[in-house]
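Here is what each chain is made of, one letter per residue.
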Protein chains: 2
Amino acid sequence: MAMAGAAFVAVPAAGQKADDADTNAIIDQGFNHSQVMRIAQEMTDGLGPRLTNSPAMRRAEQWAIDRFAGWGLANVRREGFEFGRGWEILSVDVRMTAPRPLALTAIPIAWTPSTGGAITAPIVVAPMSKEEHFAEWKGKLAGKIVLVTLPGTGDEPEKAPFRRLGGEDFEKLDAYRQPKYDPDAINKRLERVSFAEKLDAFLKAEGAVAWVRQSYRDGKLVHGEGYNYRVGHTLSLPGVELAAEDYRRLARLAKSGPAPQLSIDSNVRFDDSDTKAYNIIADIPGSDPKAGYVMAGAHFDSWVAGDGATDNAAGSAVVMEAARILKTLGVRPKRTIRFVLWTGEEQGLLGSLAYVDKHLATRPGPTEGEDGNALYYGWPNRYPVTPRPGYGDLKAYFNMDNGSGKLRGVYAEGNVAAVPLLQAWLAPFASMGAGKVVAAPTGGTDHVYMQSVGVPGFQFIQDPLDYGSRTHHSSADTFDHLKADDLRQASVVMAGMLLASANSDKTLPRFPVPSQPAPYDPFQYKDPDQ
Amino acid sequence: MAMAGAAFVAVPAAGQKADDADTNAIIDQGFNHSQVMRIAQEMTDGLGPRLTNSPAMRRAEQWAIDRFAGWGLANVRREGFEFGRGWEILSVDVRMTAPRPLALTAIPIAWTPSTGGAITAPIVVAPMSKEEHFAEWKGKLAGKIVLVTLPGTGDEPEKAPFRRLGGEDFEKLDAYRQPKYDPDAINKRLERVSFAEKLDAFLKAEGAVAWVRQSYRDGKLVHGEGYNYRVGHTLSLPGVELAAEDYRRLARLAKSGPAPQLSIDSNVRFDDSDTKAYNIIADIPGSDPKAGYVMAGAHFDSWVAGDGATDNAAGSAVVMEAARILKTLGVRPKRTIRFVLWTGEEQGLLGSLAYVDKHLATRPGPTEGEDGNALYYGWPNRYPVTPRPGYGDLKAYFNMDNGSGKLRGVYAEGNVAAVPLLQAWLAPFASMGAGKVVAAPTGGTDHVYMQSVGVPGFQFIQDPLDYGSRTHHSSADTFDHLKADDLRQASVVMAGMLLASANSDKTLPRFPVPSQPAPYDPFQYKDPDQ
């Protein structure tokens with residue numbers, strides 16, 4: 001609707017949508033000529049898992065650049081930021097050698113060192129999750145493989161693992177939640193990093209030879225997340241995660257005695273040739289250089305137990321397919337449309353944070369030139385927020401990172417003034433199940449830091465499928481768990497939303513540049529025990 | 001109630017129950033002094049999986065004999081029957097070597113041979129499930145590793161994996177089903193055995209080097225069942241089962257090309273030192289030698305992917321614990337109580353069939369001296385049934401083989417005349433959730449052949465838990481998935497039912513000795529396409 005304004009043209013009340021013919025062309029390209037499952041298959045089966053700054057991620061970055069460039073996108077580029085060490089698994093073999101021989105299901109914990117061949121030692125079950133737990137184990141760990149998780153009992157999953165959203169779900173999500181400011185809040189990831197360092201130092205000082213933790217999912221799935229990736233800060237002792245069934249068997253045998261013997265051969269490799277991590281960016285340039293840009297993003301990095309399919313080849317493939325669709329149609333939007341594949345999301349949304357810090361707004365404290373982890377530390381609680389020159393240019397950001405389920409709409413994330421415009425943009429896709437706009441906020445992925453500086457960043461609502469129950473971070477996160485119908489629909493909706501927001505006369509309402517919030521409950525005393 | 005008959009004693013209408021004091025002593029022993037989880041832990045964590053006639057099963061048999069004898073049971077013995085080859089897994093390593101290196105989750109298929117070190121070859125996806133599929137692959141398999149399963153897509157489990165029974169479930173189960181005789185029915189296990197032999201011959205003739213099948217459960221679980229265990233009839237080519245995610249990745253990569261390379265190192269060992277398999281039997285002798293006996297049983301053998309915990313250490317531990325409880329109480333029942341741990345159940349209920357054939361009734365055709373598989377062939381359809389001298393002595397048989405869920409009652413299995421007596425025996429345990437008697441028949445375990453000759457054999461109703469969804473035959477079948485509360489309850493109910501039936505004045509009604517049934521639908525024409 002580039003001619004909007006003529007009195008006899010019915011302009012939608014809420015703002016300008018993409019031309020209807022464009023919408024139908026997107027639908028034709030996205031359903032009849034879809035490439036999204038081919039893209040996702042190359043990304044998962046072909047490239048495999050994509051740990052931030054790993055050699056496999058280097059290959060994946062080049063592949064993504066080649067694809068974007070091959071489709072003719074403009075300004076295809078990497079944007080680096082200081083991250084930490086490269087690391088990859090070459091092989092792993094963990095087995096119980098006594099009281100009976102048994103191969104166990106295991107994965108090295110990310111960024112822990114090699115065992116340097118097989119090491120065999122008796123185990124000791126020494127559950128430690130706080131520093132005050134160390135005292136009990138002092139003098140008891142020398143020469144041992146230490147099982148550090150408190151072994152529980154088998155789970156009893158009484159909910160269906162695979163689920164789609166229904167009516168009541170949307171009602172629950174569409175409830176405004178007041179923003180809450182907790183100045184003492186510190187991030188769990190940082191606690192994890194810091195405790196892992198202390199535990200490592202304790203285990204090393206005690207003469208332990210390796211440590212083992214239990215998978216947090218039953219059913220022989222493993223994950224292997226680790227957060228101690230910074231140069232000079234990786235752990236000194238090898239660590240592996242065991243399947244819950246295997247871990248608890250060891251723990252029971254240790255209880256009934258004598259303690260089982262374990263053999264661990266964790267063969268991993270560090271690569272410090274480049275300690276930067278890279279976001280991948282590609283554009284469809286807009287016709288109006290003053291109109292700013294809209295952006296779609298998904299994190300491209302993954303953990304390594306599976307192929308990083310639902311987390312997050314799904315979102316990455318949809319972002320790439322939306323780029324392909326729009327480029328194939330030859331659209332010439334008013335605003336630039338930017339496509340970003342983030343990295344470092346799994347280590348703390350580091351790629352999108354680096355983008356915000358570089359292009360949108362700064363906060364005081366450690367910023368450029370420092371490693372991602374330092375940049376991350378307490379970031380959303382630091383004031384003032386100082387907008388960069390490009391702050392106002394980003395008119396809308398759409399993020400996809402909730403697995404393979406089809407898009408059901410958008411989380412307005414408290415930006416209730418944006419609801420009418422978001423609804424208008426989604427309207428053509430309502431019959432595909434994507435028409436809902438709900439007030440609830442979501443966290444834990446790459447729109448969060450944009451929101452934290454006042455930029456309208458949104459996450460899509462998605463059918464949960466088996467993302468939370470089974471595939472998220474796990475060894476079962478493979479292409480099989482991607483759903484073609486869902487990802488085709490998501491690509492169409494993503495392309496449609498981008499084009500609508502890129503051409504819209506109206507732009508999304510923004511919040512004021514955030515300043516230090518008032519304490520949420522000024523009359524409450526702080527419990528000294530917390 | 002050994003003094004029943006005095007006019008002032010209220011005798012239950014349906015028959016004689018165990019003395020109330022005995023019931024309370026069982027409850028005390030079974031809940032306050034339970035050993036069932038210790039027994040189950042030794043059986044699973046300690047002994048590990050117990051494949052019929054494997055070296056591990058030999059050790060397990062001795063352990064069970066020692067336990068029964070240690071508790072003071074009488075006539076503790078093995079009873080052997082001709083079975084087939086011993087076999088065990090020493091190690092397995094399956095990895096994709098191209099297009100990228102990747103360790104896969106795999107298990108050797110039972111009774112297939114070793115690869116004799118690692119063999120590496122390109123794969124070909126050649127789905128074959130019937131002989132007529134062979135023609136398409138003729139000349140195309142030489143030097144290949146052949147993937148024989150049709151790869152599907154990921155599952156979408158929309159039911160809760162862990163479940164307990166509720167009101168409606170019991171209503172559905174309590175519906176009489178008319179017996180149905182299909183003279184053409186042949187057993188699926190036998191088709192499987194025969195097709196595996198034909199496929200093996202075809203693959204060998206074509207020069208294939210190994211075959212691979214897909215796990216039937218998603219989520220990285222494997223099973224490894226195989227049925228070609230007879231002396232002189234094991235397969236010639238090594239076969240492995242891959243996790244569904246791993247199998248389908250290979251299949252997709254083969255489609256996108258070039259075909260992946262696979263390396264398989266399946267290190268297994270045959271042991272033909274004893275080709276018999278053994279049931280384990282132990283008695284608490286009755287006071288009246290003419291009163292016959294009652295019997296509890298569970299199969300002790302398992303597959304080898306897990307530790308055979310829910311299938312069927314659960315039932316075996318409950319049978320053993322019931323023996324321990326009753327022996328500890330020093331009961332002196334009227335009838336002998338017999339406890340049996342069956343073997344060869346997983347290969348076709350072979351242990352219980354051998355018991356029936358030896359002690360209860362014969363059918364024409366291959367019987368003694370032949371291997372179990374031949375005995376099995378078409379057995380329930382052969383007439384006449386000829387009772388042995390001991391036929392009438394077995395008054396009741398109770399089987400447990402539906403996982404770790406607590407007992408909810410008994411399947412009357414069409415023996416509706418037995419309902420009142422079963423209900424009376426269960427009455428003390430109704431408040432423990434075990435009071436239901438339902439009409440429905442069940443199949444697939446060790447009471448089936450007793451029923452097929454007219455002996456009253458019953459299976460308990462159990463809460464399903466995650467038996468069907470996750471643990472049955474799988475690599476997740478470990479002790480973690482056993483539920484202590486449930487197995488304690490089951491042990492108490494099992495002991496109570498045995499004592500009640502051993503002391504009862506009334507015995508369970510029987511059917512006539514089965515004779516050739518009439519065709520179920522005499523006016524129906526046979527579809528030539530079926």
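Please read all numbers here as calculations on a predicted model, not as lab measurements.

A.B. asks: Sorry, what's going on with the overall build of chain A here?
C.D. replies: On a plain count of helices and strands, chain A comes out with 14 helices and 18 strands. Relative to a compact globule of 530 residues, whose C-alpha radius of gyration would be 24 Å, chain A shows 24 Å and is just as compact. Principal-axis analysis of the C-alpha atoms places the extent of chain A at approximately 85 × 55 × 50 Å. Expressed as a percentage of its 530 residues, the buried residues of chain A come to 58%. Of all intrachain contacts in chain A linking residues separated by at least 6 positions in sequence, the fraction that spans at least 24 positions is 84%. Of the roughly 20500 Å² that chain A leaves accessible, carbon and sulfur atoms contribute 52%. Between the mean site of the 57 positive side-chain charges and the mean site of the 63 negative ones, chain A shows a separation of 1 Å.

A.B. asks: When you look at the pairing of strand β7 (residues 210-214) of chain B in this model, what are you seeing that I'm missing?
C.D. replies: Residues and elements named next belong to chain B. With five of its five residues buried, β7 lies for the most part within the structure. Judged by which residues are buried, β7 turns out to be covered on both faces: Ala210, Val212 and Gln214 on one side and Trp211 and Arg213 on the other are all buried. Bridge analysis of strand β6 (residues 145-147) against β7 gives three bridges, and the strand direction is parallel. If you follow isoleucine 145 over to β7, its bridge partner there is alanine 210. Strand direction decides the pairing type here: β7 and strand β8 (residues 239-242), joined by four bridges, are parallel. Counterpart to glutamine 214 in the pairing with β8 is leucine 242.

A.B. asks: I tried to follow the sheet that holds strand β4 (residues 106-108) of chain A on my own but got confused; where do I start?
C.D. replies: Hydrogen bonding along the main chain pairs the strands of a sheet, whether they run parallel or antiparallel. Residue and element names in this part refer to chain A. Here we have eight strands laid out as an open sheet, ordered β3-β2-β9-β5-β6-β7-β8-β4, and mixed in their pairing. Of all strands in the sheet, those with a lone pairing partner are β3 (102-104) and β4, marking the two edges. Ignoring strand direction, the axes of neighbouring strands in this sheet form an average angle of 30 degrees. Against the sheet, helix α7 (residues 244-256) engages β2 (86-98), β3, β5 (119-125), β6 (145-147), β7 (210-214), β8 (239-242) and β9 (261-271), with an angle of about 115 degrees to β7.

A.B. asks: Looking at this structure, how should I read the interface of chain B and chain A?
C.D. replies: In many analyses, interface size is given as the accessible surface area lost on bringing the parts together. The interface is formed by 37 residues belonging to chain B together with 37 residues belonging to chain A. For the pair chain B and chain A, the summed buried area comes to about 3200 Å², and 46% of that belongs to carbon and sulfur atoms. It is B:Arg100, B:Arg252 and B:Asp480 that lose the most area in chain B upon contact with chain A, and together they represent 19% of the buried surface on that side. For the interface between chain B and chain A, the tally reads 14 salt bridges. B:Arg252 is the salt-bridge partner of A:Asp480, the closest N and O atoms lying 3.5 Å from each other. At the junction of chain B with chain A, the criterion picks out 26 residue pairs in polar contact (both at pLDDT 80 or more).

A.B. asks: Mind showing me how you'd approach the sheet that holds β8(B) here?
C.D. replies: Residue and element names in this part refer to chain B. As summarised here, the arrangement of the eight strands in space is β3-β2-β9-β5-β6-β7-β8-β4, forming an open sheet in which the pairing is mixed. Only two strands of the sheet have a single partner each, and these edge strands are β3 (102-104) and β4 (106-108). Averaged over all neighbouring strand pairs, the angle between strand axes comes to 30 degrees, with direction disregarded. Along the sheet, helix α7 (residues 244-256) contacts β2 (86-98), β3, β5 (119-125), β6, β7, β8 and β9 (261-271); its crossing angle with β7, the most-contacted strand, is approximately 115 degrees.

A.B. asks: In this structure, what is going on with the side chain of B:Asp486? I would like to understand it.
C.D. replies: All names here are of chain B. Tracing the sequence through the fold places aspartate 486 in helix α14 (residues 484-503). Taking relative accessible area as the criterion, aspartate 486 reaches 3% and is therefore assigned buried. In this structure aspartate 486 touches Arg164, Ser404, Gly405, Lys406 and Leu465, once residues within four positions along its chain are discounted.

A.B. asks: Even after reading the chapter, I still don't get the environment of A:Gly84, so can you show me in this structure?
C.D. replies: All names here are of chain A. Within the secondary structure, glycine 84 sits in the loop between β1 (74-82) and β2. Between the C-alpha atoms of glycine 84 and threonine 275, which are 191 residues apart in sequence, the distance is 4.8 Å. Setting aside chain neighbours within four positions, we find glycine 84 in contact with Asn53, Tyr229, Arg230, Val231, Asp274 and Thr275.

A.B. asks: For this particular structure, what's the right way to read the relation of the copies chain B and chain A?
C.D. replies: Two chain copies, one operation linking them: a rotation about an axis together with a shift along it. Turning chain B through 180 degrees and shifting it by 0.0 Å along the axis lays it on chain A, with an RMSD of 0.0 Å. The transformation just described matches what one would write down for a two-fold rotation axis. Scanning chain B for the C-alpha nearest the rotation axis identifies B:Ala160, at a separation of 2.0 Å. Looking at chain B, 100% of its interface residues are interface residues in chain A too, so the copies touch through the same face.

A.B. asks: I keep staring at the packing of helix α1 (residues 20-32) of chain A against helix α14 (residues 484-503) of chain A and nothing clicks. Help me out?
C.D. replies: The angle between the axes and the distance between the axes are what describe a pair of packed helices. Residue and element names in this part refer to chain A. At a closest axis distance of 9 Å, the pairing of α1 and α14 adopts a crossing angle of 155 degrees. It follows from the interaxial angle that α1 and α14 lie roughly antiparallel. The two elements α1 and α14 meet at a crossing, and its hand is right-handed. Every residue of α14 that contacts α1 at Asp22, Ile26, Ile27, Gly30 and Phe31 is listed here: Arg488, Gln489, Val492, Ala495, Gly496 and Leu499. Classifying every residue of the contact of α1 with α14 by side-chain character gives six nonpolar, three polar and two charged.

A.B. asks: Can you help me understand the domain arrangement of chain A in this one?
C.D. replies: Residues and elements named next belong to chain A. Partitioning chain A into structural domains gives domain 1 (20-84 + 275-503) and domain 2 (86-152 + 187-271). Between the C-alpha centres of domain 1 and domain 2 there is a distance of 34 Å. Buried surface at the junction of domain 1 and domain 2, both sides included, amounts to about 2100 Å², of which 59% is carbon and sulfur. Seen at the junction of domain 1 and domain 2, the total is zero salt bridges. Inspection of the region where domain 1 meets domain 2 yields five residue pairs in polar contact (both at pLDDT 80 or more).

A.B. asks: Is there a simple way to think about helix α3 (residues 55-70) of chain A in this case?
C.D. replies: Side chains three or four residues apart in an α-helix point the same way, a direct result of the helix having 3.6 residues per turn. All names here are of chain A. Relative to the 22 Å expected for 16 residues at 1.5 Å per residue, α3 spans 23 Å between its end C-alpha atoms, a close match to the ideal helical length. Within the sequence span of α3, burial applies to Pro55, Ala56, Met57, Ala60, Glu61, Trp63, Ala64, Ile65 and Phe68. Directly beyond the C-terminal end of α3, a positive phi value near 95 degrees is found at glycine 72.

A.B. asks: What is the right way to read the packing of aromatic side chains from this model?
C.D. replies: Geometry of an aromatic ring pair is reported as the spacing of the ring centres plus the angle between the planes. Under the defined criterion, the tally for this structure stands at 30 aromatic pairs over all chains. With a centroid separation of 5.9 Å and 55 degrees between ring planes, the pair formed by A:Phe83 and A:Trp111 is classed as tilted. Residue A:Phe83 is found in the loop between β1 and β2, and its partner A:Trp111 is found in the loop between β4 and β5; the two are separated by 28 residues along the sequence. The residues A:Phe83 and A:Trp111 share a single accessibility class, namely buried. Positioned above the aromatic ring of A:Tyr278, the side-chain terminus of A:Arg78 is 6.0 Å from the ring centre. The side chain of B:Arg338 reaches across the aromatic face of B:Tyr293, ending 4.4 Å from its centre.

Definitions and limits used
Residues numbered from 1 in each chain as written. Chains lettered and ligands numbered in written order. Predicted model: local features only at pLDDT ≥ 70, side-chain atom pairs only at ≥ 80, totals over all residues. Heavy atoms only, no water. Helix = DSSP H or I, 4+ residues; strand = E, 2+ residues; numbered from the N terminus. Rg over C-alpha atoms; globule rule 2.2 N^0.38 Å. Buried < 20%, exposed > 50% of the residue type's maximum accessible area, 1.4 Å probe, protein only. Contact = heavy atoms within 4.5 Å. Areas by Shrake-Rupley, 256 points an atom, 1.4 Å probe, with all protein chains shown as cover. Lys, Arg positive; Asp, Glu negative; His and termini not counted. Charge placed at Lys NZ, Arg CZ, Asp CG, Glu CD. Pairing = 2+ DSSP bridges. Axes fitted to C-alpha atoms, helices over the stretch in contact; angles between N-to-C directions. Buried area = accessible area lost by both parts, 1.4 Å probe. Salt bridge = Lys/Arg side-chain N within 4 Å of Asp/Glu carboxyl O. Polar contact = N/O pair within 3.5 Å; in protein donor to acceptor, adjacent residues only side chain to side chain. Least-squares fit on C-alpha atoms with pLDDT ≥ 70 in both. Parallel < 35°, antiparallel > 145°, perpendicular 65-115°, else oblique. Left-handed = near helix turned anticlockwise from the far one by under 90°. Nonpolar A, V, L, I, M, F, W, Y, C, P; charged D, E, K, R; others polar. Domains from an automatic or database assignment. Expected span 1.5 Å × (residues − 1). Phe/Tyr/Trp six-rings, centres within 6.5 Å; stacked < 30°, edge-to-face > 60°. Lys NZ or Arg CZ within 6 Å of the ring centre and 35° of its normal.

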